[in-house]
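Breakdown of the fold
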Amino acid sequence: MNVFLVVGVVAALAIGGTIGYLAHRSLERRRQQKNQETIEARLEEAQTKEKELLLAAKEEAIRIRAAAEAEYRDRRAELQRTERRLTQKDENLDRKLEAAERRQHNLGEKEKEIEGIRNQVVELKAKETKQLESIAAMTSQEAKDTLLQALEKEVRDEASRRMAEWVARVKEEASSRAREILSLAIQRTAGEMVSEATTSVVPLPSDEMKGRLIGREGRNIRALEQATGVDLIIDDTPEAVTLSSFDPVRRQIARLALNRLILDGRIHPARIEEVVEKCRNEVDAAIVTEGEAAALKAGVQALHPELIKLLGRLKYRTSYGQNVLAHSLEVAQMAGHIASELGVNVDISKRGGLLHDVGKGIDHEVEGPHATIGADLVKQWEKSPEVVQAVAEHHLETPTSSIYSYIVSAADAVSGARPGARGEALEQYLQRLQSLESIATSFPGVEKAFAIQAGREVRIMVKPDSIDDIGAMRLARDIAKKIEDSLQYPGQIRITVIRETRAVDYAK
């Protein structure tokens, strides 16, 4: 039973394997057949496409060939046209060349004719020149020189005449305009009578106070002089003592301290030092206050604190009895008005006017004119070079090149010369001017002399035939030396020697 079952299973497996093998073979043959058909179809399709591509390539080649042949024909036609144009141009050039050769030949003949005519003209001119030279008794060059000299003299005389007319007209117009501007500036400046006298005499309640001021063995007076730097002069003047110092600020401190000591009655070295120190602080504070007030009143902003202090020191400085701070404020206002009329910077003019005399605050400490001292001080803290130049040149002591220098100089002269500005006695003022003019006219060759600008300048007219240019320089130096030796005067005096030659003629 088991054997038949095994045999049956084996037989069944054999039959199943045979049937499966046969089925697989059949399926494989069908697959190969189908692949073969697919390959043949693709070959057929590729052959078809190849034929189509060949056909398209042939058509494109035919089209390109046709286009190339057409372009060739066009270019050939263009070349033929160009060739014809070049041939025509060559023919035209040949014709023009022939015409030019003919014209050149004609010009050569005409040049020969002109050259012959020129030779004839030269011969005729030479003959005429010889005839004229024989008639005039001079050569042609001499005649030309004579004519040119006459023309040159006439032109030079005419130019000199017109130049003199122009200079006179310009001077007249400038003087008229200057007078107008100065009159407007003076009218717009409401100046007060600023003449002051700085007192150096301190009144005493009684002569007994003199002994108390001197102290035992002079200790009080020595302490006061040492603390203030001022000489205290006690003489026979009843109920008064005199303070002597070149420094106006020290003199003011000493005056305040002495008045307080007299009122207090306690006078001894320790008290003197205490009071002097307090007065010094008060004066320093007053200096700053006065400087700030002056700058504010003048409309000048952003001044350096050191310039404010120097400006305030001018409160205690006078010139011919005129308070220098009040004078500086007046100059600043007037310079601003003049600058406004002229159309230039008003702020620079005001600054220059306010600071123009700042050197007088320390001119007793530093050698040199106050204008130079002031310019050196202002230059340290003022950024504007025009302001520095205006301060340095406001007395015209240097070659002036800035309009602001002229503005400040004019305002300074007007402020110092107006009535009531200065307290110098009229007799002394006139005597000083006469002395200056007399010294100048005492030298040989001087025709006239004029003391101007309140005696700050002497202008001297000399005889041009007697004194040459070098002699004028020597004369100015000699006159300055004689003035230094003979007169007492504040500041500097400018000596100007003028030598001129005038040519006058009349047309009849």
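What counts, and at which threshold
Residues numbered from 1 in each chain as written. Predicted model: local features only at pLDDT ≥ 70, side-chain atom pairs only at ≥ 80, totals over all residues. Heavy atoms only, no water. Helix = DSSP H or I, 4+ residues; strand = E, 2+ residues; numbered from the N terminus. Buried < 20%, exposed > 50% of the residue type's maximum accessible area, 1.4 Å probe, protein only. Contact = heavy atoms within 4.5 Å. Pairing = 2+ DSSP bridges. Axes fitted to C-alpha atoms, helices over the stretch in contact; angles between N-to-C directions. Core = buried A, V, L, I, M, F, W, Y, C linked by side-chain atoms within 4.5 Å.

1. With respect to the overall build of the protein
Along the backbone of the protein there are 14 helices and 8 strands. Burial statistics for the protein: of 508 residues in total, 29% are counted as buried. Partitioning the intrachain contacts of the protein with sequence separation of at least 6 by distance along the chain shows that 61% fall at a separation of at least 24.

2. Regarding the sheet that holds strand S6 (residues 446–452)
Reading across the sheet, the 3 strands line up as S6-S7-S8 and stay open at both edges, with mixed pairing between neighbours. Sheet topology places S6 and strand S8 (494–498) at the edges, where each strand pairs with a single neighbour. Here the average twist between neighbouring strands, direction ignored, is 20°. In this structure, S6 lies alongside strand S7 (residues 457–462), joined through 6 bridges in antiparallel fashion. For Ala449, the partnering residue across the bridge sits in S7 and is Ile460. Docked against the sheet, helix H14 (residues 469–486) engages S6, S7 and S8, running at close to 150° with respect to S8.

3. A few points about the nonpolar core
Within the largest apolar cluster, 37 residues are counted, with the highest numbers of intra-cluster contacts made by Leu303, Leu311, Leu354, Leu355 and Val378. Among the elements that line this core, the one with the most residues is helix H8 (residues 324–342), at 9 residues. Among the nonpolar cores identified, the runner-up in size contains 26 residues, and Ala223, Leu224, Ile262 and Ile272 belong to it.

Everything listed here is a matter of coordinates, which is why it stays silent on function.
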